[in-house]
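# Tertiary structure, described
As a plain string of letters, each chain reads:
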Amino acid sequence: MITVNNVSMNFSGQTLFKDVELKFVPGNCYGIIGANGAGKSTFLRILSGDLEPTTGEVIIPKEERMSILKQDHFQYDAYTVLDTVMMGNQRLYDVMKEKDALYEKEDFTDEDGVKASELEAEFAEMGGWEAESDVSRLIQGLGLSNDILYSEMSSLTAKEKVKVLLAQALFGKPDIMLLDEPTNHLDLEAGIWLENRLRQYRGTLLLISHDRNILNSLCDYILHFDHRKLISYSGNYDTFCRTRAMQQELLEKTAEKQERRRRHLQSFVDRFRYKASKARQAQS
């Protein structure tokens with residue numbers, strides 16, 4: 001569970017959003033929508049720990065593993081596609097590199113052997129021996145060739161890098177996923193594959209998207225940034241639209257009723273403000 005307590009964010013004296021109080025529960029998908037510049041991506045950066053809020057706190061259990069769709073397309077240029085995707089589970093990747101470094105030592109000691117054995121056990125427990133085949137399935141599902149697995153990221157096109165970084169976010173069964181516009185640069189087939197993949201996900205998914213279809217297909221809740229507030233609505237995007245329309249209609253009817261009442265009172269005042277018997281009432 002992610003708990004957000006009284007979170008606000010200001011930039012240069014301007015309030016993006018304030019007093020956000022939410023709990024995100026495993027098994028649910030939360031679609032985040034709102035106007036450009038309303039704070040959607042900033043909010044995900046706060047949840048990921050990449051950005052400190054102006055006020056409030058975000059509480060995430062330490063044992064929960066979070067994956068994030070990275071936005072820096074040059075961050076992994078020095079790594080292979082396989083390594084980049086595996087870094088989606090940083091602990092698994094670190095264990096793999098540490099045990100490989102031990103085996104490459106010329107003066108391999110008994111202590112190294114014990115350490116290597118421990119690392120092998122942890123690697124196997126995390127599904128390390130299936131990691132390469134898992135990566136292969138991910139990149140192929142997103143429409144990339146398996147031939148690029150050992151290519152350096154620097155050799156890929158911008159669209160290919162986006163897909164590899166999306167595979168990284170999906171890799172290794174994370175407890176929490178934060179995805180900012182994951183369907184960008186995906187063709188129809190890859191988009192359908194991603195939608196099916198996310199539908200099977202059982203962790204906590206937060207999703208920024210302008211894709212109405214994916215918001216309808218996946219979301220259990222819609223979080224709407226509106227007038228510096230983040231408001232939660234139960235249901236998918238279409239349900240949100242209906243609820244908002246009903247609320248707007250109610251507000252308009254209430255405003256219309258208040259305006260009729262205002263005009264009635266103003267008429268009374270105009271008629272009786274100078275009449276001695278009614279002046280006090282008109283003043284009131």
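The structure contained in this document is the topic of the report that follows. (Residues numbered from 1 in each chain as written. Predicted model: local features only at pLDDT ≥ 70, side-chain atom pairs only at ≥ 80, totals over all residues. Heavy atoms only, no water.)

## What to know about the pattern of salt bridges
Scanning the model with the defined rule gives eleven salt bridges in all. Note that Asp 50 and Arg 45 form a salt bridge whose closest N and O atoms lie 2.8 Å from each other. You can call Arg 45 partly exposed: its relative accessible area is 39%. Between Lys 99 and Asp 100 there is a salt bridge, and its shortest N-O distance comes to 3.7 Å. Residue classification places Lys 99 among the buried positions, given a relative accessible area of 4%. For Asp 100, a relative accessible area of 30% corresponds to the partly exposed category. Each of the salt bridges in this network shares a partner with another, and the network as a whole consists of Lys 99, Asp 100 and Glu 120. (Salt bridge = Lys/Arg side-chain N within 4 Å of Asp/Glu carboxyl O. Buried < 20%, exposed > 50% of the residue type's maximum accessible area, 1.4 Å probe, protein only.)

## Looking at the sheet that holds strand β2 (residues 14–24)
A sheet is described by the order of its strands in space; here three strands give the open sequence β2-β1-β4, paired in antiparallel fashion. In the strand order of this sheet, the two ends are held by β2 and β4 (55–59), each with one partner. On average, each strand axis in the sheet is tilted by 20 degrees relative to the strand beside it, whichever way the strands run. Across four bridges, the pairing between strand β1 (residues 2–11) and β4 is antiparallel. Bridging from a neighbouring strand, Thr 3 pairs with Ile 59 of β4. (Pairing = 2+ DSSP bridges. Helix = DSSP H or I, 4+ residues; strand = E, 2+ residues; numbered from the N terminus. Axes fitted to C-alpha atoms, helices over the stretch in contact; angles between N-to-C directions.)

## A short note on the side chain of Glu 181
One can find Glu 181 in the loop between β6 (176–180) and α7 (188–199). The buried charged residue Glu 181 lacks any salt bridge partner; its closest oppositely charged side chain belongs to Lys 40, at an N-O distance of 6.5 Å. Here His 210 takes part through its side chain, which lies 2.5 Å from a polar atom of the side chain of Glu 181. With residues near it in sequence (within four places) discarded, Glu 181 still touches Leu 69, Ile 208, Ser 209 and His 210. (Lys, Arg positive; Asp, Glu negative; His and termini not counted. Polar contact = N/O pair within 3.5 Å; in protein donor to acceptor, adjacent residues only side chain to side chain. Contact = heavy atoms within 4.5 Å.)

## Considering helix α3 (residues 90–103)
Here α3 is 14 residues long and its end C-alpha atoms lie 20 Å apart, about the 20 Å a rise of 1.5 Å per residue gives. Residues of α3 that are buried include every one of Leu 92, Tyr 93, Val 95, Met 96, Lys 99 and Leu 102, and no others. Buried residues along α3 sit against α2 (81–86), α4 (110–125) and α5 (131–141). (Expected span 1.5 Å × (residues − 1).)

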